[in-house]
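This is what each chain is made of:
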Amino acid sequence: QVQLVESGGGLVQPGGSLRLSCVASGRTFSTSLMAWFRQAPGQEREFVSAITWRFGVTSYSDSVKGRFTISRDNAKNTVALQMNSLKPEDTGVYYCAAASAGRVLGSKRDDYDYWGQGTQVTVSS
């Protein structure tokens, strides 16, 4: 099993920045990539960004491209999401996810096997 714990959410004004972190523990060697999803009230959970552990290949949704940056620290089993130029529509619960070895970069919920509990991000003035 793999456990994921997110941190770093909070309230920020439009145009501001936040940095989310996700620490993976357990059988982390069995995972190939990590991702961030988000879910706004009354909406489906949507893909935000993903990164592979081995080569650091990244993927972003069009809505965050150029504003968000995903990174990983293999030694600490940590993935971070730096969010800049935040907008009210970025509000939601942000979830960290991990995919088992052999998976390829994907943007669907079914592409990932493990999930964290989520951290709330609110962008409001």
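So, a few notes on the structure that sits alongside this text. (Residues numbered from 1 in each chain as written. Predicted model: local features only at pLDDT ≥ 70, side-chain atom pairs only at ≥ 80, totals over all residues. Heavy atoms only, no water.)

**Considerations on the pairing of strand S9 (residues 92-100)**
Move 1: Burial of S9 is extensive: 7 of the 9 residues sit out of reach of the surface.
Move 2: The pairing of strand S4 (residues 31-39) with S9 spans 8 bridges and is antiparallel. Following the sheet pairing, Trp36 is matched in S9 by Cys96.
Move 3: Here S9 runs beside strand S11 (residues 119-123); their pairing, made up of 3 bridges, is antiparallel. Along S11, the bridge assignment pairs Gly92 with Val121. (Buried < 20%, exposed > 50% of the residue type's maximum accessible area, 1.4 Å probe, protein only. Helix = DSSP H or I, 4+ residues; strand = E, 2+ residues; numbered from the N terminus. Pairing = 2+ DSSP bridges.)

**A word on the side chain of Ser32**
Move 1: By secondary structure assignment, the location of Ser32 is in strand S4.
Move 2: Of the residues examined, Ser32 reaches a relative accessible area of 18% and is grouped as buried.
Move 3: Among the polar contacts made by the side chain of Ser32, one reaches the main-chain carbonyl oxygen of Ser100 at a distance of 3.0 Å.
Move 4: Among all residues touching Ser32, those that are not within four sequence positions of it are Thr52, Trp53, Ala99, Ser100, Ala101, Gly102 and Arg103. (Polar contact = N/O pair within 3.5 Å; in protein donor to acceptor, adjacent residues only side chain to side chain. Contact = heavy atoms within 4.5 Å.)

**Remarks on the pattern of salt bridges**
Move 1: For the structure on display, the rule yields 5 salt bridges.
Move 2: The closest approach of N and O atoms between Asp90 and Arg67, which form a salt bridge, is 2.8 Å. Pair noted here: Asp90 is in the loop between strand S8 (78-83) and S9 and Arg67 is in the loop between strand S6 (58-60) and strand S7 (68-73), with a separation of 23 residues, a long-range link.
Move 3: Overall, Asp90 belongs to the buried group, its relative accessible area being 0%.
Move 4: Members of the salt-bridge network, linked through shared partners, are Arg38, Glu46, Arg67 and Asp90. (Salt bridge = Lys/Arg side-chain N within 4 Å of Asp/Glu carboxyl O.)

**Overview of the sheet that holds S7**
Move 1: Spatial strand order, S1-S3-S8-S7: 4 strands in an open sheet with antiparallel pairing. At either margin of the open sheet sits one strand with a lone partner, and together these are strand S1 (2-7) and S7. With strand direction ignored, the average angle separating the axes of adjacent strands in the sheet is 15°. (Axes fitted to C-alpha atoms, helices over the stretch in contact; angles between N-to-C directions.)

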